[in-house]
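# Working through the structure, step by step
Chain residues, written in single-letter form:
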Amino acid sequence: MSELPFYQPHSNEIELFEHAYRNRLPLLIKGPTGCGKTRFVSHMAAKLNLPLYTVACHDDLTASDLVGRHLIGDGVTYWNDGPLTRAVREGGICYLDEVVEARKDTTVVLHPLSDDRRILPIERTGEILKAPPEFMLIVSYNPGYQNFLKGMKPSTRQRFVSLRFDFPESELEQQIVIGETGADAMLAKRLVNLANSLRALKEHDLEEAASTRLLVYVATLIGSGFDPAEACRAALVEPLTDDEETAEALMEIVYASFG
Amino acid sequence: MEEQVGALWHKLITGAADKRYPREAVSLEQISKTAGILFRAWGGDGGLAVKSAVATQHGAKRSLLQRIAGSHLKTELTWLDGETLNLPATIDLFPSKQLNRDLYLWLIALSATESDPSLPWIVRNQRATLEVLERFPGLLGRYQRLVDALLPMRPQRLAQGEREQEAAICAALKFPGSVESLPAAKRPPQPVYLWLHPNPPSSPAASANNKEPQNHEAGGDVKNIKDRRYQAERVDMPQGKDGFMMMFRAESILSWAEYIKVNRPTEEDQPPDEGAAEDLDRMSVAQDGKTSASRLKFDLDLPCEASDDLPIGEGILLPEWHYKKQLMQPAHCRVQPMLARHAPALPLPAHLSSTARRLRGQFAALTPSKVWFKAQFDGSELDLDACVQFSADRIGGVQAREQGLYKAHHYRDRDLACLLLADLSLSTDAHISDNARVIDVIRDTLFLFSEALSATGDRFALYGFSSLKRENIRFHILKEFERKYNDEVRGRIAAIKPGFYTRMGAAIRHASQLLAKQPATQKLLLILTDGKPNDLDQYEGRYGVEDTRAAIHEARQMGQRPFCVTIDDKGSSYLPHLFGVNGYVVIRKPSELPRELPLLYAQLTR
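Analysis parameters
Residues numbered from 1 in each chain as written. Chains lettered and ligands numbered in written order. Predicted model: local features only at pLDDT ≥ 70, side-chain atom pairs only at ≥ 80, totals over all residues. Buried ≥ 20, exposed ≤ 12 C-beta atoms within 10 Å, placed from the backbone. Helix = DSSP H or I, 4+ residues; strand = E, 2+ residues; numbered from the N terminus. Pairing = 2+ DSSP bridges. Axes fitted to C-alpha atoms, helices over the stretch in contact; angles between N-to-C directions. Contact = placed C-beta atoms within 7 Å. Parallel < 35°, antiparallel > 145°, perpendicular 65-115°, else oblique. Left-handed = near helix turned anticlockwise from the far one by under 90°. Nonpolar A, V, L, I, M, F, W, Y, C, P; charged D, E, K, R; others polar. Core = buried A, V, L, I, M, F, W, Y, C linked by C-beta atoms within 7 Å.

With that settled, the discussion passes to the pairing of strand 1 (residues 27-30) of chain A. All names here are of chain A. Because side chains alternate across strand 1, one face comprises the buried residues L27 and I29, and the other comprises L28 and K30, equally buried. Pairing of strand 1 with strand 9 (residues 161-164), which is carried by four bridges, proceeds in the parallel orientation. Across the sheet, L28 pairs through a bridge with S162, a residue of strand 9. Sheet topology places strand 1 next to strand 8 (residues 136-141); four bridges connect them, and they run parallel. The partner of L28 across the bridge, within strand 8, is V139.

Written out as structure tokens, the structure is:
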């Protein structure tokens, strides 16, 4: 835990996190892609000086990927803890990113951990781990995802204290861009205005809103000497749409902001 | 001969008088998608449609040549109202395509900027200009290029008074914010192409009592009605009972242009010649609120009870969203479920059988996604996890349980319900080819869709709807979820017929209520339509669109996925607003719809 990762709070989320941690409540963070969910978690882990185990969930993730499995080596077998088990044993944060991507039967192993029992039964070894006070379970997902066949089970959702993230206010977002890339205030302001213009198109012309992360990319490219409009095309317009006509229209918006 | 000479002269003189550059023209059609995106991105209202405005008479001084040519009386201006952003259909003002295109973008930026309509025209435009330049510094260069190109085109030789006016306009263009009022003059100034115009242009009186913009209802025609707004003037409906009937059409231009308070009892009007409408300065429309309704008495009255479909139950009261008041009007609509009275059981029509067979084959193989099942007793691959577990247990001396050591690739059972809601309004009576009407396509689609779905085993239901005002929303039951797809259902599908209007919001609300009762976790609400929501009363234009949007939103809230399949090629102007960018698909060739819809379903539920 050397340096605290940069994080610009939007409102009371740090306070809420600390309260949840002290009271051993699991936390659910929802918000659009690239708005700082993962960064927030790593910031808090560093701040509270806890080990962080991040699992990026995918649809082939099984319960044993989380809990652990037996491995065979040299005539003997040994048990290998999964990230969840390790976090429980060591007393750290286990962060399941994009938890809706995981198969539904997988998330059921979280249930005994996320209520007041705070236990992790390991079926294979017959162990029942009791989570120490330092253990905290955090899951996140993106509710806007147009994934029809997926969604979080209400019974899982109801076990978490929930925190909704959105893109920060203009002023804050400018500070984030400045803090992340060292861009000058003028550039940050333009980029944030541009992003807000593009966000107005969400649902109507674009699937996803322009994320803060993309703005940071753009500012980074510009900061290293790349042409501003082209940086916007590469790191902002093209990631948002595949449709050429839409891309051209978005470039007009870029030109209007950058000239 | 006379005609040829006349045509030649017209060409010559208008060519000489015309200082425009048709070769460099940019048309709204070319940039319409860009225009919509820019307008919304820059803060414009997402519910507005972008359309081309019709020319307005400007009344300013013309050059001698222009007067001889009889041209340049009118110009297309940019203005905004509650439903549309009106832009010129083409811009060919400047000698380069780039400048003409820039002018479009500039006008869009200007109209997306909030401005106070009570300010005088000149002040308002200067303020808007300043604001746009401040918000979008990148437009400064363009603005300057546009002003530089525009200034030499402004009239030079002018009379006293007009000269001062012109000077003020030029100053306001060059240094926006510097002019506080427009000096008075005998004639109105030359139109300023870089500025917006009030709505509707030039005549504030016409909009004074304009409470609700009313478009013509689109009866039963999918023919390409030109996407234009005509400048309309509200005139009181004459009360007199006598008068004379206007029967003579050859001089329709004259008779149209000057509205005489003639009592014209409703008659079956021929659709007027569009050319005539375009030449008019102003179309006079009497606002008696009955024009369409009373005409409808002729053709769209409800059928007598005996020959009508069988109503089921008392009808269901549903709310409706009023976008101007921003409130949900409770129990505003009555949805009446109906069952076809004469619908004998039928087999699948012969002309569909081969397509149906192919679709069933495809669907049986295609839809449910294959997944790997672990720990199977039989399978194509070893399940490494299970094998390791097994060996570990064995070596560790644990009593090895009997367990599957293979992975198998199987179809996953799906927990999915789909409700298809088909628009059966009268507009589906229109022909789309020599031998098919829209309704025929919809019928075939329903058939093939059911065939395909019954092959997958997914639960589905089919309903149709049409409406005649808010108390008569006819909801035709074709197949309920619990009913098996059989000849009886096929008979009902075969019996669908077009009628009435499209009050989409209420139909969607009822459909999503039905769908919500299904136990499935995934719910798909498919809407099949051929046009915009509309009905006889205020349910048209923006009102209908916003109500439908609200209904779609409610369905989403209930965890359903609404998706629209439309055969309205103009649909792209309002569909994203209703369904979101990924929530709809426009089928260009209606004849392909029966084949496309099942495939689409496969994609949606993959």
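So, on to the sheet that holds strand 8 of chain A. Residue and element names in this part refer to chain A. Taken together, five strands build an open sheet; the order of strands is 2-5-8-1-9 and the sheet is parallel. Two strands lie at the open edges of the sheet, namely strand 2 (52-56) and strand 9, each paired on one side alone. Geometrically, the sheet is characterised by an average inter-axis angle of 20° between neighbouring strands, direction not taken into account. In this sheet, strand 5 (residues 93-97) lies alongside strand 2 in parallel orientation, the contact comprising five bridges. Counted as the bridge partner of A56 is D97 from strand 5. Along the sheet, helix 1 (residues 13-22) contacts strand 1, strand 8 and strand 9; its crossing angle with strand 9, the most-contacted strand, is approximately 165°. Each of strand 1, strand 2, strand 5 and strand 8 touches helix 2 (residues 37-47); the most contacted strand, strand 5, lies at about 175° to it.

Okay, unusual backbone geometry next. All names here are of chain B. The backbone of A331 sits at a positive phi, close to 45°, despite the residue not being glycine. Tracing the chain through its elements places A331 in strand 13 (residues 327-339). Backbone geometry places K469, a non-glycine residue, at a positive phi of 65°. Here K469 is to be found in the loop between strand 20 (459-467) and strand 21 (473-479). Of the residues examined, K469 has 16 C-beta atoms within 10 Å and is grouped as partly exposed.

A separate point is the packing of helix 8 (residues 170-181) of chain A against helix 10 (residues 212-223) of chain A. When two helices pack together, their arrangement is given by the angle between their axes and by how far apart the axes lie. All names here are of chain A. Relative to each other, helix 8 and helix 10 sit at 45°, their axes nearing to 9 Å. Judged by the inter-axis angle, helix 8 sits oblique to helix 10. Between helix 8 and helix 10 the crossing geometry is right-handed. Every residue of helix 10 that contacts helix 8 at E173, I176, V177, E180 and T181 is listed here: T212, L215, V216, A219, T220 and G223. The residue makeup of the contact of helix 8 with helix 10, split by class, is five nonpolar, four polar and two charged.

Turning our eyes to something else, we now look at the environment of A:E208. Residues and elements named next belong to chain A. Turning to its location among the elements, E208 is positioned in the loop between helix 9 (185-199) and helix 10. Assessed through the 21 C-beta atoms surrounding it within 10 Å, E208 is described here as buried. C-alpha separation for the pair E208 and T33, spaced 175 residues apart in sequence, amounts to 8.2 Å. Sequence-distant contacts of E208, that is, excluding residues within four places in its chain, are made with P32, T33, K202 and L240.

A separate point is the nonpolar core. Inside soluble globular proteins, nonpolar side chains tend to come together where they are buried. Grouped together as the largest cluster of nonpolar side chains are 76 residues, with contacts concentrated most on A:L198, A:V218, B:L38, B:Y104, B:W106 and B:A109. When residues of this core are assigned to their parent elements, the largest contribution, nine residues, is made by helix 4 (residues 97-111) of chain B. Beyond its immediate chain neighbours, meaning those up to four positions away, A:L198 contacts A:L206, A:A210, A:L240, A:L250, A:I253 and B:A41. Grouped together as the second largest cluster of nonpolar side chains are 68 residues, B:V438, B:L446, B:L448 and B:Y584 included.

Attention now goes to the pairing of strand 8 of chain A. Residues and elements named next belong to chain A. Of all six residues making up strand 8, six are buried, and the element is well covered by its neighbours. Side-chain alternation along strand 8 places M136, I138 and S140 on one buried face and L137, V139 and Y141 on a second face that is also buried. Relative to strand 8, strand 5 runs parallel, the two being bridged by four bridges. If you follow C94 over to strand 8, its bridge partner there is L137.

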